[in-house]
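Residues per chain, in single letters:
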Amino acid sequence: METLINGLSLGGIYALIALGYTMVYGIAKMLNFAHGDIIMAGAYAILLVVGMTGNLLLSVVALIAAIAFCVLLGVTTERLAYRPLRGASPLAVLITAIGVSYLLQSIAQLFFTSEGQPVSTGAAQLGSVTFLGANLKLSSLITLGLCVMIMTALTLFVDKTRVGRAMLAVSEDRGAASLMGINTNLIITLTFAIGSALAAFASLFYLMQFPVVSPTLGSMPGIKAFTAAVIGGIGSIPGAMVGGVLLGVIECVCQSIPALSPYTIAIEFGLLIIILLVRPVGLLGKKRREKV
Amino acid sequence: MKKNIRLKHYINYLILGLALVLFIALDLLGVLKRSDANLLAQVGYSVILAVSLNLVVGFLGELSLGHAGFMCVGAYVGGLVYIMLEPQLNKLGAILVALPIGGIAAALFGLLIGLPALRLKGDYLAIVTLAFGEIVRTVIRNQDIFGGTRGLESVRFGNRLYILAFLLAILTVFISQNLRRSKHGRAIQAIRDNEIAARAMGVNVTYYKLVVFAVAAFFAGVAGVLYAGSTSVIRSDNFSFNYSINILVMVVLGGMGSITGSIISAAALTYITVKLTISLSGDMAAIEPMVYALILILAVMWNNAPFLRPVREKLGAKLEALRQRILHCGEVPEDNSPEIAAWDKVPTKIPMDAILSTDFTVDHSFDADRRGKEEEQ
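This write-up is about the structure you can find in this document.

Thresholds, definitions, all that
- Residues numbered from 1 in each chain as written.
- Chains lettered and ligands numbered in written order.
- Predicted model: local features only at pLDDT ≥ 70, side-chain atom pairs only at ≥ 80, totals over all residues.
- Contact = placed C-beta atoms within 7 Å.
- Helix = DSSP H or I, 4+ residues; strand = E, 2+ residues; numbered from the N terminus.
- Nonpolar A, V, L, I, M, F, W, Y, C, P; charged D, E, K, R; others polar.
- Core = buried A, V, L, I, M, F, W, Y, C linked by C-beta atoms within 7 Å.
- Buried ≥ 20, exposed ≤ 12 C-beta atoms within 10 Å, placed from the backbone.
- Domains from an automatic or database assignment.
- Axes fitted to C-alpha atoms, helices over the stretch in contact; angles between N-to-C directions.
- Parallel < 35°, antiparallel > 145°, perpendicular 65-115°, else oblique.
- Left-handed = near helix turned anticlockwise from the far one by under 90°.
- Expected span 1.5 Å × (residues − 1).
- Arc of directions from axis to C-beta.

1. What about the interface of chain A and chain B?
Here is step 1 of the chain: In this assembly, 41 residues from chain A lie in contact with 36 residues from chain B.
Here is step 2 of the chain: Elements supplying a minimum of two residues to the side of chain A that touches chain B: helix 4 (90–112), helix 9 (219–232) and helix 11 (264–278) of chain A.
Here is step 3 of the chain: The element that contributes the greatest number of residues to the side of chain A that touches chain B is helix 4 of chain A, accounting for 16 residues.
Here is step 4 of the chain: The class makeup of the residues in the side of chain A that touches chain B is 29 nonpolar, 11 polar and one charged.

2. Looking at the environment of Asn303 of chain B
Here is step 1 of the chain: You can see Asn303 of chain B is positioned in helix 12 (residues 287–304).
Here is step 2 of the chain: A sequence separation of 50 residues divides Asn303 of chain B from Leu253 of chain B, and the C-alpha atoms of the two residues are 9.7 Å apart.

3. Overview of the nonpolar core
Here is step 1 of the chain: Core analysis: the biggest nonpolar cluster contains 204 residues, and Ala15, Ile46 and Cys70 of chain A together with Val212 of chain B have the highest contact counts within it.
Here is step 2 of the chain: At 17 residues, helix 9 (residues 205–230) of chain B tops the list of elements feeding residues into this core.
Here is step 3 of the chain: Counting the residues that make up this core, at least three belong to each of domain 1 (2–279) and domain 2 (280–332) of chain B.
Here is step 4 of the chain: When neighbours within four sequence positions are excluded, Val212 of chain B is seen to be in contact with Leu55, Val56, Phe59, Leu60 and Ile188 of chain B.

4. So, the packing of helix 2 (residues 34–60) of chain B against helix 11 (residues 259–279) of chain B
Residue and element names in this part refer to chain B.
Here is step 1 of the chain: At a closest axis distance of 8 Å, the pairing of helix 2 and helix 11 adopts a crossing angle of 140°. It follows from the interaxial angle that helix 2 and helix 11 lie oblique. In terms of crossing hand, the pair formed by helix 2 and helix 11 is right-handed. Counted together, Leu39, Gln42, Val43, Ser46, Val47, Ala50, Val51 and Asn54 of helix 2 and Ile259, Ser262, Ile263, Ser265, Ala266, Ala267, Thr270, Tyr271 and Val274 of helix 11 form the full contact between these two elements.
Here is step 2 of the chain: Classifying every residue of the contact of helix 2 with helix 11 by side-chain character gives 11 nonpolar, six polar and no charged.

5. Some thoughts on helix 12 of chain B
Here is step 1 of the chain: Given a rise of 1.5 Å per residue, 18 residues ought to cover 26 Å, and the 25 Å separating the end C-alpha atoms of helix 12 of chain B matches this to within 8%.
Here is step 2 of the chain: For helix 12 of chain B, the set of buried residues is Pro289, Tyr292, Ala293, Leu296, Ile297, Ala299, Val300 and Asn304 of chain B. Mapping the buried residues of helix 12 of chain B onto a view down its axis gives an arc of 165°, with all of them on the same face.
Here is step 3 of the chain: Along its buried surface, helix 12 of chain B packs onto helix 3 (56–82) and helix 4 of chain A together with helix 10 (241–254) of chain B.

This is the structure:
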């Protein structure tokens, strides 16, 4: 039970990050490898605001600061690095994204040194509740609840609003969407902004569970969330949620079994390979026929 | 013209061979320092890695982010053989046995990763290769036979390892160049350019994809064995995803598909990296990945950005003119490119002048007529 709730809240974090990957992939048709490092940037923003105070109210302020900073960073990288390459081969864009990821990590290292710095978000003070005999951390429950709320809001936004439907149209067929009078560049920038804002939420939740900031903080959750997005079917928003939760639960279950815990990463990636072999488009991905 | 083509084919061997001869000469004169010899061995296996990754990325057109994983397999399997044989045989004998074994072990894994490559492509395949590299590393790290998390203690081969590394680099270039120029190479390039069309032409896509992955993995494994000989401890942390990216940077910077480019950029980047790591201490070492990242982004932009195309084409034309002038000893050769004829010079029976000079006047009478009728109603 405890493991399950922890896994669900970790899965919620992965799902938030995976949403960033999957939305950008669906709309801009590119893998944003630097997405994990946006989380790292958000974590540093939170560190600068909160530090070691452990003040919960300050954490909320920090979250807003992190959102602003991440959105700014995400939009800037899109404008400077990815937009000039629009229309180039996907491989070129992917390699540029890897370059951006490296760049962000090394800049962070220059400013904040490579050592991990502790940060106290006040999550530990929240204590825990006992429910059905299981000892549940309140911070995990909050993370889980907020993740569910954010994902519901996002689904409503994409399905019900004008802008959201414009996003769907761009992901379906960019050329046709621009002929219909949709400003595709604006929509892509907006997608990056939303993805980065989700990353800022993810960085706060991540720090609530693992309260140390370092320049490589984002790379492992980034890769895992990306795995989650691919497992769920990249480009599909519900797929990212399913994949993220699945991965989080598997990770927590594996780590609670001593014999399996060193192999956690191998098991997660192994699952990815098996799922892709059985269903190359992921669990909820749409199949596209390839044409000559 | 015939001489020209030959130079193009042998330039890679010339670069590597001359470099090797030069360094051996320096070594015999006693000028070559121990640290430099070690650096040269690193350059040697970096060249092998870059050229073999180029087979997958530039030649087959699939992105592989797990090349360090193959190297890891080679380093541990080959390294184990090398360490076990070293007391019985001498160092050279041991490593000569270890090299093919490490290579074949990696090639088997290459076949394994080639299997998903048959069903997946592009971004999906990239993430699978990444996942594969991490799986290999995690599993090996937790095996006691491979020294666990502490790493496997190895035996340094000594200063002369670079000779072996360069010879193997030449072998790698020889095999990939000849593979590329053969019938098989053309089939592989056909798969890269259009897989469906290639299949329709009767190319055995399954077979060739597996071959490319296996060959590339084999050489990565060989590079891994060389690494095992150049270090005192084989550590699995060295084969992380970041190392795969570094190899990819070498390939991209040298130009995807260009062997000469891979050789030059692998050598240059390895040299710069090692020198920067030595001279920068502490957190200033972050400048090194930063330089890497900037080089990577700028190189990709320069080669691919649509808005730079006019600049690229102009520069390309100038370079071509310069090359022609150098080849023809200052004489500007006569322009033998087919002249694009102006449309009025093209012999044709269609009276183009008459058509183009016709002034189309629109007959408005019908419109006026209809408008009149509408008003009546």
